[in-house]
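Report on the structure
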Amino acid sequence: MTVPPTTARTAPTRPFLSLRARTPAPEGPLPTAPLLATLLTLALTMLPYWPHQPLWLNALLLVLLGARAALAVRGGKAPPAWTLIVVALLVGRALVGVYTTLAGRDGGTAMLLLLVALKTLETSRRRDALLLVLLGYFTTACVFFFDQNVSVAVYTLLCAAALTACLTLWARPGGPPATVRPGRALRRSALLLLQAAPLTVVLFVLFPRPDGPLWQMPVTSKSGSRTGLGDSVEPGTVSSLAQDNSVAFRATFQGRVPPVQDRYWRGPVLEGYDGRRWSLRPARFGFPRAQGDGPVYTYRLTLEPSNQPWALALDVPANVPAGLNITGNLQLVVPGGVNTRRQIDLQAVTRFTYGQDASREQLDLNLVVPQIGNPRARTLARSWANLPPAQRVQAAYRFFQQDRLQYTLSPPLLTSADPVDELLYSTRQGFCEHFASSFAFLMRVSGVPARLVTGYLGGTENAGTGGRPYLIVRQADAHAWVEVWLAGQGWVRVDPTAAVSPARLQGGLAAALPDAAGGLESGRGVLPGLRLRLDALQNAWNEWVIGYDATRQQSLLTRLGLGAVGGARYAVMLVLLLVLAVLPVLWVRSRRHGDPLLLAYRDLGARLRLPHDPAETPLEYQRRAERQYPHRSDDLNDVTQTYLKLRYGPMPVTPAQLREFRARVRRVRRP
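The shown structure was predicted, so the numbers you read here are calculated from the model rather than taken from an experiment. (Residues numbered from 1 in each chain as written. Predicted model: local features only at pLDDT ≥ 70, side-chain atom pairs only at ≥ 80, totals over all residues. Heavy atoms only, no water.)

1. Considerations on the overall build of the protein chain
Under the convention used in this document: In DSSP terms, a helix is any run of H or I states spanning at least four residues, a strand is any run of E spanning at least two, and both are numbered starting from the N terminus. Working definition: with a 1.4 Å probe on protein chains only, accessible area under 20% of the residue-type maximum means buried, over 50% means exposed, and in between means partly exposed. Areas reported as accessible are Shrake-Rupley estimates using a 1.4 Å probe. Residue values count occlusion only from the protein chains shown.
Helix and strand content of the protein chain: 22 helices and 18 strands. Across the 671 residues of the protein chain, 45% fall into the buried class. Total accessible area on the protein chain is roughly 35,500 Å²; 59% of this is exposed by carbon and sulfur atoms.

2. Brief notes about the confidence of the model for the protein chain
The condition is simple: One confidence number per residue, pLDDT, is output by the predictor and ranges from 0 to 100. Contacts: residue pairs with any heavy atoms within 4.5 Å of one another.
With 87% of its residues at a pLDDT of 70 or more, the protein chain has an overall mean of 84. Note on residues 1-22: pLDDT under 50 across the span, and one contact to partners over four residues away in sequence or across chains.

3. Some thoughts on the sheet that holds strand β15 (residues 460-462)
Strands belonging to one sheet form pairs held by backbone hydrogen bonds; the direction of such a pair is parallel or antiparallel. Using the following cut-off: Whether two strands pair depends on DSSP finding at least two bridges between them. An axis is simply a line fitted to the C-alpha atoms; with a helix, the fit covers only the stretch in contact. Between two such axes, the angle follows the N-to-C directions and lies from 0 to 180 degrees.
If you walk across this open sheet you meet the five strands as β10-β7-β2-β16-β15, and the pairing is antiparallel. Each edge of the open sheet carries a strand with a single partner, namely β10 (342-349) and β15. The average undirected angle you get between the axes of adjacent strands in this sheet is 25°. Of the pairings in the sheet, the one linking strand β7 (residues 296-303) to β10 comprises eight bridges and is antiparallel in character. When the sheet's bridge partners are listed, V296 is paired in β10 with V349. Each of β2 (247-254), β7, β10, β15 and β16 (470-474) is contacted by helix α16 (residues 526-546), which is oriented at about 70° to β2, the strand it contacts most.

4. Here's the deal with the pairing of strand β14 (residues 450-457)
Where burial is concerned, most of β14 is hidden: eight out of the eight residues are buried. Here five bridges tie strand β3 (residues 264-270) to β14, and the two strands are oriented antiparallel to one another. Directly across from L270, in β14, lies its bridge partner L452. Here β14 pairs with strand β17 (residues 478-486) via seven bridges, running antiparallel. Each bridged residue has a counterpart across the sheet, and for Y456 the counterpart in β17 is A478.

5. Some points on the nonpolar core
Keep this limit in mind: In these notes, a set of buried Ala, Val, Leu, Ile, Met, Phe, Trp, Tyr and Cys residues joined through side-chain atoms within 4.5 Å is what counts as a nonpolar core.
Counting residues in hydrophobic clusters, the biggest one holds 41 residues, and the most contacted among them are F400, F439, L442, M443 and V484. Elements represented by at least two residues in this core include exactly α10 (375-382), α11 (389-402), α12 (419-427), α13 (432-446), β14, β17 and α14 (496-500). Examining the composition of this core, we find that nine residues originate from one element, α13, more than from any other. Within the second largest apolar cluster, 38 residues are counted, among which are W310, V316, L324 and L346.

What follows is the structure in structure tokens.
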């Protein structure tokens, strides 16, 4: 039997799964304008990292991006892949030398930027360009590892808008245009971001918040954070810190703010003394016995990164929040240090009695002074030895008041082997740590246990937002004072700086040293007032965005009547808001672009389920539709004639005419 030939064409069979890699279709060179726009946007996303990276790395990133831009403009052959690998290996090794590891925040982000810059040199296809844009989003988000200020958030939002504009160029059908219209691309980007905004807000507010960080990244450099108070003090330590006007922390109070003279923020308590330097002794943890005498202040402390463990609570803390420790000297300690901005809810009293049960061993430690040195100061202190301890303290305080000592931000160096004598009888100029150190020395020699306390004094009051005042405490408010132990009273605070310069206690450093502190924040005038407003915005950002944790979320849900996270009311509201949040996206997608009259006319084909042929005239479509739906002949003729009249009439179509035409189309009944 002969098999008849067939003219049917057999479709080629395709395997369900092919292990052979597809060869990408050849593409021409990437258009210059979109590629340059993408490279410029990537450079902008890398800009915030520059203060945190070595100068040579910043220069290298610029060279790599500039080289790719030159190739895009002038043409040329990209470097072979092996050279890029060699560069990545060599620079990666150098970064390990700088940051110790590439697994941390600093080394990891530096390596990421390097790889993104190298990736630009092997970008030759549209898919590579899209990948660059996606890497740009990742680079932008990583900035928050270093800083979470409002200004940084605004900058990253602008970068995201620029990246989205680039994305609209590379993702458009038919490929990117040869020329770029920045205004049009940015408008499309803004529209996309606005569509995403409602969904972002709903997820931020309602998505369950963890009680703590899901993961942490090791920080290997101290960039982006202030050192703050250390664990030792010697002449010049605090005065150098007092010339720094950056924010150390903020305190937002529930209710009234403590008076100025009670704003002592407790830091390290230094009991070791070698004649010049005061240092910490090994900490004894455990809440000491303390008796409050006065109002209890409730406040939220927002600590800036300092890489130090001190929580700097208002003297003295009445509670110890979870995750913190307290020493026997009332120092609140953050295990691991404050490496990122951190919020702590605290209660404190400023009038207190504590330390009455101090051990003999501890008191003896606070009487230790070197056996030799400072003969004149020793003679002075021993002259008070026959007085009761409290009167020895008063005698020393009067000495500081009457001995014409001068409070200054730039005291002369104490270079002799007798620094206390040199200060009290020669230079007579000092800062708070000079006076506190000398006062504690005199107390110990006279037989009164004494120690040095460092921390901050004062703070600038800001009205804040929502009627919640808060204090801004800057590094310039760093201070040192003395605690003496008196039988029946325990440890008592004595501030010898107040004896020399009472204005320091009442009005801060700017009031005590108006000339020397001219560059510091005084809180008065137009510019300082504007800074306070900006700081209020930053504080609100810290409260409601950075500090929006599980506790604050639950508090908000309770006030809104939504119950607990995971409850029925919470779930219903979450689903409802998610649906409402995606409505703008659906609305934009439903909008059609093109001639509104033509779109309205084509709605006729949708109603009749008889699509228009692109090559078909309106009259030809009318005749075809009448053959299929002869009982709609009058309606079809009415719509067609009206459309032709409007389309080819002498005057432009008015909105009223367009609405009337749409109504005529809707009157055509569906089959």
